[in-house]
Protein chains: 2
Amino acid sequence: MESVEGNNSAVKVAFIHDANKLSREEERHENVDENNSDRFAITQCIGETDTHSDALITRYAHTLTNYSLRNLGYPVNQDFNYEALAPLLQFHLNNAGDPFLGSGFSLNSMKFEVSVLDWFAKLWEIEKNEYWGYVTTGGTEGNLHGILVGREQLPDGILYTSEDSHYSIFKIARMYRMQCVKVASLISGEIDCAQLETSLLANKNKPAIINLNIGTTLKGGIDDLDLVIKTIDKCGFTNDQFYIHCDGALFGIMLPFMKQALRISFKKPIGSVTISGHKFLGCPSPCGVLITRLKYINALSRDVDIISSRDATITGSRCGHAPVFLWYALKKKGLTGLENEVHNCIFKARYLLNQLRGAGIGAMLNEYSNIVVFERPLDDNFTRKWTLASDKNIAHVVVMKHVTIEMLDTFVREFVQERYVWYKDGQVQPLCIAKDVGSKNCACSIHKLSSNY
Amino acid sequence: MESVEGNNSAVKVAFIHDANKLSREEERHENVDENNSDRFAITQCIGETDTHSDALITRYAHTLTNYSLRNLGYPVNQDFNYEALAPLLQFHLNNAGDPFLGSGFSLNSMKFEVSVLDWFAKLWEIEKNEYWGYVTTGGTEGNLHGILVGREQLPDGILYTSEDSHYSIFKIARMYRMQCVKVASLISGEIDCAQLETSLLANKNKPAIINLNIGTTLKGGIDDLDLVIKTIDKCGFTNDQFYIHCDGALFGIMLPFMKQALRISFKKPIGSVTISGHKFLGCPSPCGVLITRLKYINALSRDVDIISSRDATITGSRCGHAPVFLWYALKKKGLTGLENEVHNCIFKARYLLNQLRGAGIGAMLNEYSNIVVFERPLDDNFTRKWTLASDKNIAHVVVMKHVTIEMLDTFVREFVQERYVWYKDGQVQPLCIAKDVGSKNCACSIHKLSSNY
C-alpha cells in the first residue's frame, strides 16, 4: 500500500493536485507550501480564502437576516432568543440512549429532556409512569419512531395515511417494507373517513396502522381523530388490531390552546404523538418530541453496555442542546405565553385571508389553522423572494410568531401589483383552484370569489 | 368536547392541578395566579423556579466543565472553538432536501454542506460528478442511509456484520426487515474473514450487503476492507452481487493521515462511507457525513414540491448549523493541522498503553488506533468519575485531542491506587481478560503481563 504519511502523503498530494486545477488567479501558487495547499484545498469548495472565513460567516449571517424578514412559507418560528444558552455551545452534549435511564456519557442534558417530555406527556394527557418518549432530530424521526412502534406491535399491519401526508410517511413505509394504503383527502386536506372506511373494509384481514396528520403540511387540514376512531370501530377492528400515530408537527402543540379544537389525548386509543420542536416553539436546529406508551417500548429496547444505557431511539447519539432549547422556550413562555402566541398567529392568519380575498385572490384557511392557502404565484422569483412553499396550483403562507402584520401587508401589496402584470391587466383570468381549495374560495372567472365573499 | 380556551382552559387546569401536588414548600401557593401556575408546572419537572433558570444554566455549564476535564471514554473531541459562529445561533437553519439541488427554504447552509461533502469525496477518492452525500445527524443516520442504499440495490441481500459492530447496525437490520448474519471477530475486534467466508458460502444464493467497521466502537479494530473484498471475490460473488458500507465513525477521517493504514477509497468496490462529525473533528451536536455513489441515488430520490427540492435523506429536515461547524473546523485545521492531531492522538494512546502496562495493568492498543482497552475497573464510581466506557470485562479510553498527558497520568495514578484497594493489596488476582485482549495483553495470574512486556 502506498505511503500516505508525512509531507508526501497521498491525501495531500491529491488535495494539492486538485488545488492546482483551480482558477487562473490561483495558478500562480502552483508551488505553494503545505499550508497554502491546505488552504486552497478547502477553499476551492467554498470559493473563499481561509483568511476570509470569519468575514464570510459575517456576510452569511447578514444574508440570513434578510431572508428571515421575508420568510412566510415554512412553519418555522424565527422569533426566539437563546443568548443565555450560548455558554453551552462550547460543549459537545450527547443524549445517547434512554433519557429516563441516563447515560455513561456525562455530558448530556437528559434531565432537561425528561422535563420537556413530562411537559408534553401532561399536555397530551398520559401519566408519567405510563409514557415513554424522547427529543428527536425533527418531525421525520418522530414519524420513524411512531410508525416503527406500530409495526412492531402489529407486524402484519397495513399503513394507512392520507394523500396529503408529509412526504416522510411514504418514505418510511418503503424503508420499513410496509404495505401502505394512500387514502383520499377532503378539500380541507384532512383524511376522507368514508374512503378510509372503504380501505379498511377491503383489508379487514390485516391490522391497521394509521398515520394521522395534525395537520397537513400544505393546507393545515386536521385529520379528525375522533371520527377516525369511530370509523375503525365501525369497521370492526378491536383495540389490539389497530395502532394510531399522530403526526402533530406544527399543530400538536397549538390545538390544546384553542377552544373546541380536536383534543389530542392518550385517553383515546392512540399509540404515539410527535411534534417538531423548531416549528411552533422555535429552535436553531430541527428537533422534535415523541411520546408513546411505555408498554410498547420494552419490545424495542436493547441494553447497550458501551453507553451504560438502553436504546429504543432511531438515531442513538442525540443532540443534547435541543432539549435545553425546548426546556428554555417552555419555561420562558409559560402556558399563558403559549396561549397568546397561538391566538395571535390565528388572528394574523385570518387577517391575511381577509386581505387576500379582499384583493380578489382565491384563498382558504382551515379552522384552528395558521396556514393560508392561495393560488400559486406565476413568477418563481416572487415565490423565492417571500420563501413561499407551493405544490402544483397552490402556495401557502404559514403565519408564525415572527410574521408581522406589516410583513403581511407588504406581501399582499406586492402580490397584487405583480399579479396585475402576470394576468395582463385582467385580460387573462386567474387559474381555477376550486379542486384544491373549494369553489367558494376560488377567484377564477367561473367561481368568482367576490360573489361569495 | 370540553372548552379549553381562556382562563379556565382544560390544559391549564391540568397543569395547575399538578402544580398543586408539589412539595410542601410550594403548597402555600395553592391559590396562585395563572403565571405562577405556569411557573410551577414547568418547574416541577426540572426542580427550579423560573426566576432561577438562567442561574441554573450557569450551574449546568459549570458542571459540564468539570465532566469535560475527566471525559476519557467516549470518542468525542471536546477541544473546539466555534465562538465565531455564535451569530448564526439566532437563526433556524434547515437543509431540508438535497444539498446539491438547494431548497425552497432560504435559511439553509447547503453551500457549506456541499463544500464539506466535496472535501470528504476527495479524501475518499471519488469524483465530484460521481458521488452524492449529505451531512447527517450522526453515525447512526449514516449507517441507516448506507445500508438502505445497499438494500435498495440488492433487495434480497443478507446483511453481514461482525459481532463487534456498533449497536445501530443490528437495530437497522430489524428496522429494515433484513436478514442479518453476525460474523465472529478476531481478538483485535476486526471481522474474522475466515468466518465471513464460511457465512458467505453458506448463503451463496443471495446477494451480500456487508457493513464494515472502520473501526469498532469498543476496541478500535479495523475491518480489513482489502481482505474482505478478496474473500467476497473468492466466494464467487460478482460486483453486482454485493454492496459494502463502511462505518468509519471515528477512524474514517484519521486513517488517510497514517502511513500504511487501510485506505478507504471509492476506487475499491465499496458503496458508501460514513463518519461522525463530532468525533474526530469535534462539534457541539452529533452530526456526520455520508458519501455514496450518485448512480444509486436516483432510485431513492423523490421530488418534493413543498420544499422545492428532492429528498433522498433519512431525516428530511436537517440541521443547518452542523455543516457550517464542519466547514469551519476543516478550514481552520487544514490538512497539516488534521495530520498533526491524528499523530498526536496516536502518540498519547501509546503513552497511555505503556503507562498502564508499566503499572501491571493488562491493556491492548490496535495499530492505527487511539482506543486503549484494559481490564474493567471494579468500582463503578471510578468508571463514572472518568466517564469510561465499558463492556463486560473490559473498559476503554479513547484518546482524543482534548486528552492531555497530565489527564492520563492522573488517571493511571488513581487507577493504580484504587486497584490496590479493589484487589486487596495483591491478595486477590485481577480478572483474566485474555479472551478479550489476547493472552499477551492480560495481567492475570496465569498470563502474567509483566513477563511478556
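Residues numbered from 1 in each chain as written. Chains lettered and ligands numbered in written order. Predicted model: local features only at pLDDT ≥ 70, side-chain atom pairs only at ≥ 80, totals over all residues. Heavy atoms only, no water.

Novice: Provide a residue-level description of the interface of chain A and chain B, including the pertinent values.
Specialist: Listed as interface residues are 128 residues of chain A and, on the opposing side, 128 residues of chain B. When the two sides are added together, the surface that chain A and chain B hide from each other amounts to roughly 11400 Å², 61% of it contributed by carbon and sulfur. Sorting the residues of chain A by area buried against chain B places Y167, R177 and I306 of chain A first, and these three jointly supply 7% of that buried surface. There are six salt bridges connecting chain A and chain B. (Contact = heavy atoms within 4.5 Å. Buried area = accessible area lost by both parts, 1.4 Å probe. Salt bridge = Lys/Arg side-chain N within 4 Å of Asp/Glu carboxyl O.)

Novice: Would you mind going over the sheet that holds strand β13 (residues 394-398) of chain A in detail, with residue names and values included?
Specialist: Residues and elements named next belong to chain A. Pairing is antiparallel in the open sheet, where four strands are placed in the order β10-β11-β13-β12. Each end of this open sheet is capped by a strand with a single partner; those strands are β10 (363-365) and β12 (389-391). Sheet twist, expressed as the average angle between the axes of neighbouring strands with direction ignored, equals 25°. Against the sheet, helix α11 (residues 321-358) touches β10, β11 (371-375) and β13, its axis set at about 160° to β10. (Pairing = 2+ DSSP bridges. Helix = DSSP H or I, 4+ residues; strand = E, 2+ residues; numbered from the N terminus. Axes fitted to C-alpha atoms, helices over the stretch in contact; angles between N-to-C directions.)

Novice: How would you explain the side chain of N143 of chain A if you had to name every residue and give the values?
Specialist: The residue N143 of chain A is located in helix α6 (residues 139-153) in this model. Those residues in contact with N143 of chain A that lie beyond four places of it in its chain are S168, I169, I172, N211, H245, D247 and T274 of chain A.

Novice: Tell me about the relation of the copies chain A and chain B, and please be specific about residues and values.
Specialist: Rotating chain A by 180° and moving it 0.0 Å along the rotation axis overlays it on chain B with an RMSD of 0.0 Å. Expressed as a symmetry operation, the mapping of one chain copy onto the other fits a two-fold axis. Looking at the rotation axis and the C-alpha trace of chain A, the residue lying nearest is Y176 of chain A, at 2.5 Å. Both copies share a contact surface, since 100% of the interface residues of chain A are interface residues in chain B too. (Least-squares fit on C-alpha atoms with pLDDT ≥ 70 in both.)

Novice: Which residues make up the sheet that holds strand β2 (residues 158-162) of chain A, and what values do they have?
Specialist: Within a sheet, neighbouring strands are paired by backbone hydrogen bonds and run either parallel or antiparallel to one another. All names here are of chain A. Spatially, the seven strands line up as an open sheet ordered β1-β7-β6-β5-β4-β2-β3, and their pairing is mixed. The strands lining the two open edges of the sheet, one partner per strand, are β1 (131-136) and β3 (180-183). Looking at each pair of strands side by side, their axes are set apart by 15° on average, direction ignored. Strand direction decides the pairing type here: strand β6 (residues 272-276) and strand β7 (residues 288-293), joined by five bridges, are antiparallel.

Novice: Can you lay out the nonpolar core for me, pointing to particular residues and giving the numbers?
Specialist: Soluble globular proteins: nonpolar side chains tend toward being buried together. With 200 residues, the main nonpolar core has F120, W124 and I244 of chain A together with F120, W124 and I244 of chain B as its most contacted residues. Leaving out residues up to four positions away in the same chain, F120 of chain A has contacts with I253, I275, L281, V289, I291 and L330 of chain A. In terms of nonpolar packing, the next biggest core, distinct from the first, is built from 44 residues, W132, V149, Y296 and A312 of chain A among them. (Core = buried A, V, L, I, M, F, W, Y, C linked by side-chain atoms within 4.5 Å. Buried < 20%, exposed > 50% of the residue type's maximum accessible area, 1.4 Å probe, protein only.)

Novice: Describe in detail the UniProt feature "modified residue: N6-(pyridoxal phosphate)lysine" (unreviewed entry) in chain A, supporting the description with residues and values.
Specialist: All names here are of chain A. Taking the numbering used here, the UniProt-annotated feature "modified residue: N6-(pyridoxal phosphate)lysine" (unreviewed entry) corresponds to K279. Locating K279 in the fold gives a position in the loop between β6 and β7. Accessibility expressed as a relative area gives 16% for K279, which makes it buried. Ignoring any residue separated from it by four or fewer positions in sequence, one finds K279 in contact with P75, V76, N77, A249, L250 and M400. Of note is the side chain of K279, whose polar atom sits 3.4 Å from the side chain of S276. (UniProt positions renumbered as here; feature names shortened; annotations may be inferred. Polar contact = N/O pair within 3.5 Å; in protein donor to acceptor, adjacent residues only side chain to side chain.)

Novice: An account of helix α9 (residues 225-234) of chain A is needed here, citing residue identities and associated values.
Specialist: The periodicity of an α-helix, 3.6 residues per turn, causes residues three or four positions apart to be oriented the same way. All names here are of chain A. Inspection of α9 places L225, V228, I229, T231 and I232 among the buried residues, and these make up the whole buried set. Buried residues along α9 cover an arc of 160° about the axis, so they all sit on one side. What points out from α9, more than 90 degrees from its buried face, is the exposed set K230, D233 and K234. For α9, the secondary structure elements touched by its buried residues are α8 (193-202), β4 (208-213) and β5 (242-247). Within two residues after α9, G236 carries a phi angle of roughly 90°, on the positive side. (Arc of directions from axis to C-beta.)

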